[in-house]
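Each chain is listed here by its residues.
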Amino acid sequence: MAFELKWTKEADEKYTELKRAAEDAQKNRTKRRKSKSSKQEGLFKQVAKTISFLKQNPRHPSLCCHSYSGLQHPYDAAEKVWEAYVQNNTASAYRVFWSYGPGRKELTIIAITPHP
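Residues numbered from 1 in each chain as written. Predicted model: local features only at pLDDT ≥ 70, side-chain atom pairs only at ≥ 80, totals over all residues. Heavy atoms only, no water.

1. Some points on the packing of helix 1 (residues 9-31) against helix 2 (residues 39-56)
Put simply, the rule reads: Helix axes use the C-alpha atoms of the stretch in contact, all axes being lines fitted to C-alpha atoms, and the angles between their N-to-C directions lie in the range 0 to 180 degrees. For the purposes of this entry, the term helix denotes a DSSP run of H or I that reaches at least four residues, the term strand denotes a run of E that reaches at least two, and both are numbered from the N terminus. Relative orientations are named as follows: roughly parallel for angles under 35 degrees, roughly antiparallel for angles over 145 degrees, roughly perpendicular for angles from 65 to 115 degrees, and oblique for any other angle. Left-handed describes a crossing whose near helix is turned anticlockwise from the far helix by less than a right angle; the clockwise case is right-handed. Throughout, a residue-residue contact means that at least one pair of heavy atoms, one from each residue, lies within 4.5 Å. Polar here means any residue outside two lists: the nonpolar Ala, Val, Leu, Ile, Met, Phe, Trp, Tyr, Cys and Pro, and the charged Asp, Glu, Lys and Arg; Gly therefore counts as polar.
Running from N to C, helix 1 and helix 2 cross one another at 140°; their axes reach a closest spacing of 8 Å. One way to sum up the angle between helix 1 and helix 2 is to call them oblique. As for how helix 1 packs across helix 2, the hand of that crossing is left-handed. For the pair helix 1 and helix 2, contact is made by Tyr15, Leu18, Lys19, Ala21, Ala22, Ala25, Gln26 and Arg29 and by Gln40, Glu41, Leu43, Phe44, Val47, Ala48 and Ile51, respectively. Counted by class, the contact of helix 1 with helix 2 contains 10 nonpolar, 2 polar and 3 charged residues.

This is the structure:
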């Protein structure tokens, strides 16, 4: 039961920024012949994995999804916004905020941010 993803401008920009930082870090690491991944690479990998799980199954147990009242649903104010964990037990752990819609089998990624 795969969902189609829609992105808000803010979420798309943050995802692109994280991806670019991870790619730059990987290039620098390769230049220096280092094998250990950087924090930027690890963070992007975790965000990408969370997005992948959301796309396949928003109720995946590792996402620890629950409703979040600090953001408004982009399409219907009466609907819920959900928070999915990217990291846990980490200072400023990242979260992905998302909602169902606008159509059937669609999810909207609202924001990718450190835990507020």
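2. As for the pattern of salt bridges
Our working definition: Only one rule defines a salt bridge in this text: a Lys or Arg side-chain nitrogen within 4 Å of an Asp or Glu carboxyl oxygen. Whether a residue is buried, partly exposed or exposed follows from its accessible area with a 1.4 Å probe, protein chains only, as a fraction of its type maximum: under 20%, in between, or over 50%, in that order.
For the coordinates displayed, the defined rule picks out 5 salt bridges. Between lysine 6 and glutamate 4 there is a salt bridge, with its nearest N and O atoms 3.1 Å apart. Taking relative accessible area as the criterion, lysine 6 reaches 28% and is therefore assigned partly exposed. Judged by relative accessible area, which is 42%, glutamate 4 ranks as partly exposed. Connected via shared salt-bridge partners are Glu4, Lys6 and Glu106.

3. Description of the packing of aromatic side chains
Condition: Any two of the Phe, Tyr and Trp rings considered here, Trp counted by its six-membered ring, make a pair once their centres fall within 6.5 Å; the pair's planes then place it as stacked at under 30 degrees, edge-to-face at over 60, or tilted in between.
Within the structure shown, the criterion is met by 6 aromatic pairs. With a centroid separation of 6.2 Å and 55° between ring planes, the pair formed by phenylalanine 3 and tyrosine 100 is classed as tilted. Taken as a pair, phenylalanine 3 in the segment before strand 1 (4-7) and tyrosine 100 in strand 4 (residues 94-100) lie far apart in primary sequence, 97 residues in all. Each ring, one from tyrosine 68 and one from phenylalanine 97, has its centre 4.7 Å from the other, and the planes form 50°; the classification is tilted. Taken together, the positions of tyrosine 68 in strand 2 (residues 66-68) and phenylalanine 97 in strand 4 put the pair 29 residues apart, joining distant regions of the chain. When its relative accessible area of 2% is taken as the criterion, phenylalanine 97 is described as buried. Site record: aromatic cluster; members linked through ring pairs are Phe3, Trp82, Trp98 and Tyr100.

4. Quick look at the pairing of strand 3 (residues 81-85)
To keep things clear, this is the line we draw: In this description, strands pair whenever DSSP reports at least two bridges between them.
Where strand 2 lies against strand 3, 3 bridges are found, and the strand directions are antiparallel. Looking across to strand 3, one finds that histidine 66 is bridged to glutamate 83. In the sheet, strand 3 pairs with strand 4 via 4 bridges, with the strands oriented antiparallel. Within the sheet, the bridge partner assigned to alanine 84 lies in strand 4 and is valine 96.

5. Some thoughts on the sheet that holds strand 1
Pairing is mixed across the open sheet formed by 5 strands, whose spatial order is 1-5-4-3-2. Bordering the open sheet on either side are strand 1 and strand 2, each of which pairs with just one other strand. Taking the axes of each pair of neighbouring strands and ignoring which way they run, one obtains an average angle of 40° across the sheet. Here helix 1 sits on the sheet in contact with strand 1, strand 4 and strand 5 (106-114), set at roughly 60° to strand 5. Packing of helix 2 onto the sheet brings it into contact with strand 1, strand 3, strand 4 and strand 5, and relative to strand 4 it is tilted by some 20°.

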